[in-house]
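# Observations on the three-dimensional arrangement
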Amino acid sequence: MALKRRASPFVICLLTLLLFLPVCWGRGPVVCYAGEVQGVTNKTVTIGLMGDLTGPAADVWIPFAHGIKSFFKMVNYGRGVQGRKINYILEDDRYSIPLALSSFKKLVFKDKVFALQAASGVGHTAAIIPLAEKQKIPTIAATGESRFFIPAQKYIFGPLPWYEDQAKLVVEFLFNDMKFTKPSIVLLYPDVGSGKDSRSAFRKLVKIYPVKKYEEVIFSLGGMDFTSEALALRRSKPDMIYIHGHAPIVISILKAAHRLGLSSTFVVAQYACVDKSVETAGKLAEGLLGINCFGVWDDATPGVNRLRKASMAYNPNVQRRDANFFQGWFVGMLFYQGLNNAGRDLTRENYRKGLEAIKDLDTQGICGIVSFGPDDHKAIDYHRLYKADMEKRRFVPITGWRKPKE
């Protein structure tokens, strides 16, 4: 009868190690990531994106999506980032909070993305932030509402200035550059989180500056006819009307105001300070002012030259891009910088720290200087003021980059 021989403990350990050890091929030392970090392989990192592609804010989000995709294509056609190509999965949340939550769950639990950019609105962002924090997923949130970032939340980063920054700079411009004395001001805003942020800022500002009269007019974000709002504006006879809204709404308001003979100075916030507003409004845009934290297509700077070159290479039939495209491009830059700072040993914690390590980043004209920090997850402090150029049919800058006074 043959005797059974037991394997030594050393042999058992060796076989177990060989069974579970991932096999990697390549020259030189190779780090294996399979099964270790969600959304990361030895050659790729997968990012989840969501925005409104078919809803009421699609005019903002479609060019945004083209911008971030163009930046990722440029990176991938080069060397990638730390030897990896960037994959992305884009979800349409249609400016719907339930769909934003559904998109979040799909991207995180089904698609298993590494990091996120989300979502299309303030309410959507508010719903997603607790989930991102719980799952410890670094998320670039597309909102300029300060309450999401003060104090800084560990995994949430903001690519935009605060809406209140824009309000401050507009009022400073009104008094210091346009030399208004005791003007009457009307704020026209939607009854949503971002609009209320501008409202809070103006209510504080009119207590500081010598304003003759201040009023507020609320509009529906999905509205089509703004005659009643224009009638309210005509009764107020304001010197300056600040509109917190995106291009289609501003165009409709300008048309209604023109029909009623309103001659106030109109100033538009970030998402309406785009070429489309001037092109579509035509002569109604005469004298229109705007504020934006991003550059414009015609800027002769290295960063914008690079953006133009990439856009024309990937979409040769599109001759111009607006500030919303710049925003998408800039978010792509943030992903790249964070991933690059994280190094080859890519984990979510290293990526989060990589974003926080961005300091005094010169975007070379895409926007102002950019910095993050452990207690500061706000990327941008600077804006420019713009004016509609009727001959060129677009907005042109009329100031340099400015930061609001404290």
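Figured I'd write up the structure that's included with this text. Along every chain, residues carry numbers that run from 1 in the direction the sequence is written. Per-residue local features are limited, in this predicted model, to residues with pLDDT of at least 70; the limit for side-chain atom pairs, both in listing and counting, is 80 or more; totals at the level of whole chains, interfaces and linings are taken over all residues. Water and hydrogen atoms were dropped before computing side-chain values, which therefore reflect all heavy atoms in the structure.

### Brief notes about the packing of helix α10 (residues 302-314) against helix α11 (residues 323-342)
Note on definitions: angles span 0 to 180 degrees between N-to-C directions of axes, and those axes are lines fitted to C-alpha atoms, for helices only across the stretch in contact. Numbered from the N terminus, helices here are DSSP runs of H or I no shorter than four residues, and strands are runs of E no shorter than two. Where α10 meets α11, the closest approach of the two axes is 12 Å, and the angle between their N-to-C directions is 100°. The angle between α10 and α11 falls in the class roughly perpendicular. Along the contact surface, α10 presents V304, R306, L307, A310 and S311, while α11 presents F325, F326 and W329. We call two directions roughly parallel when the angle between them is under 35 degrees, roughly antiparallel when it is over 145, roughly perpendicular when it lies between 65 and 115, and oblique otherwise. Should any heavy atoms of two residues lie within 4.5 Å, those residues are counted as being in contact.

### A closer look at the pattern of salt bridges
Salt bridge, as used here: a side-chain nitrogen of Lys or Arg that lies within 4 Å of a carboxyl oxygen of Asp or Glu. The final tally for this structure, using the stated rule, is 16 salt bridges. The partner of K213 in a salt bridge is E215, and the shortest N-O contact between them spans 3.5 Å. Burial classes: relative accessible area under 20% of the type maximum marks a residue as buried, over 50% as exposed, and values in between as partly exposed (1.4 Å probe, protein chains only). The exposure class assigned to K213 is partly exposed, which follows from its relative accessible area of 36%. Of the charged contacts, one joins D298 and R394 as a salt bridge, the two residues approaching to 3.4 Å between their closest N and O atoms. Of the two residues, D298 sits in the loop between β10 (289-292) and α10 while R394 sits in strand β12 (residues 394-397), which places them 96 residues apart along the sequence. With relative accessibility at 45%, the residue D298 sits in the partly exposed group. Among the ionic contacts, a cluster of salt bridges with common partners joins D275, D298, R320 and R394.

### Some points on the environment of R393
Considering the arrangement of structural elements, one finds R393 in the loop between β11 (384-389) and β12. As a C-alpha pair, R393 and D275 span 118 residues in sequence and 7.2 Å in three-dimensional space. In this structure, R393 is in contact with D275, V278, E279 and G282, ignoring residues within four places of it in sequence. Any pair of N or O atoms that falls within 3.5 Å is considered a polar contact. Within protein, one atom must be able to donate a hydrogen and the other to accept it, and sequence-neighbouring residues count only if both atoms are side-chain atoms. At 2.6 Å, the side chain of R393 forms a polar contact with the backbone oxygen of E279.

### Considerations on the nonpolar core
Soluble globular proteins tend to pack their nonpolar side chains together in the buried interior. Residues F114, F294, F330, F335, Y351, I366 and V370 are the most contacted members of the largest nonpolar core, which totals 53 residues. Only β1 (44-51), α2 (58-77), α10, α11 and α12 (348-356) provide two or more residues apiece to this core. Take this core: its biggest share by element is eleven residues, from α11. Ignoring any residue separated from it by four or fewer positions in sequence, one finds I366 in contact with C293, F294, G295, G303, V304, L307, F326, W329, F330, M333 and W401. Definition used in this section: a nonpolar core is a set of buried Ala, Val, Leu, Ile, Met, Phe, Trp, Tyr and Cys residues joined via side-chain atoms within 4.5 Å. In terms of nonpolar packing, the next biggest core, distinct from the first, is built from 29 residues, L262, A281, L288 and V296 among them.

### Notes on α12
Restricting attention to buried positions, one finds in α12 the residues R348, Y351, R352, G354, L355 and E356. Packed against the buried residues of α12 are β3 (115-117), α4 (122-135), β4 (139-140), β5 (156-157) and α11.

### Digging into the pairing of strand β6 (residues 184-190)
With seven of its seven residues buried, β6 lies for the most part within the structure. Side chains of β6 alternate between two faces, with S184, V186, L188 and P190 and I185, L187 and Y189 buried alike. Sheet topology places β6 next to strand β7 (residues 213-219); seven bridges connect them, and they run parallel. When the sheet's bridge partners are listed, Y189 is paired in β7 with I218. Classification remark: right-handed applies to a crossover when, strands pointing away from the viewer, the course from the first strand over the helix to the second runs clockwise. On the question of chirality, the crossover connecting β6 to the parallel β7 by way of helix α6 (residues 193-208) is right-handed. Criterion used throughout: strands pair if DSSP finds at least two bridges between them. Where β6 and strand β8 (residues 240-243) come together, four bridges link them in parallel fashion. Paired with L188 across the strands is I243, a residue of β8.

### Concerning empty space enclosed by the protein
Buriedness of a pocket was judged along seven lines, with at least five required to meet protein on both sides within 12 Å; pockets are open sets of points on a 1 Å grid over the protein atoms alone, cavities are sets where a 1.4 Å probe fits but cannot get out, and lining residues have an atom within 4 Å of a point. Grid points are joined across faces, edges and corners, and a volume is the space filled by probe spheres set on the points. Using the criterion set out here, one finds five cavities of 30 Å³ or more in the structure. Reported here for the largest cavity is a volume of approximately 80 Å³. For the largest cavity, the lining is made up of 14 residues, of which C273, V274, D275, V296 and A323 are closest to its centre. Residues are grouped as follows: nonpolar covers Ala, Val, Leu, Ile, Met, Phe, Trp, Tyr, Cys and Pro; charged covers Asp, Glu, Lys and Arg; every other residue, Gly included, is treated as polar. Each residue belonging to the lining of the largest cavity can be placed in one class, and the counts come to eight nonpolar, two polar and four charged.

### Side note on the layout of surface pockets
Looking at the largest pocket, its volume works out to about 380 Å³. As for the largest pocket, its lining consists of 26 residues, and the residues nearest its centre are Y95, S120, Y163, S194 and Y271. Elements that contribute at least two residues to the lining of the largest pocket include exactly α2, α4, α5 (163-176) and α6. In terms of residues, the lining of the largest pocket owes the most to one element, α4, which gives three residues. Tallied by class, the residues present in the lining of the largest pocket amount to 14 nonpolar, twelve polar and no charged. The computed volume of the second largest pocket comes to approximately 300 Å³. If you go around the second largest pocket, you meet 15 residues; those closest to its centre are E164, K168, A201, K204 and L205. Taken together, the elements giving at least two residues each to the lining of the second largest pocket come down to α5 and α6.

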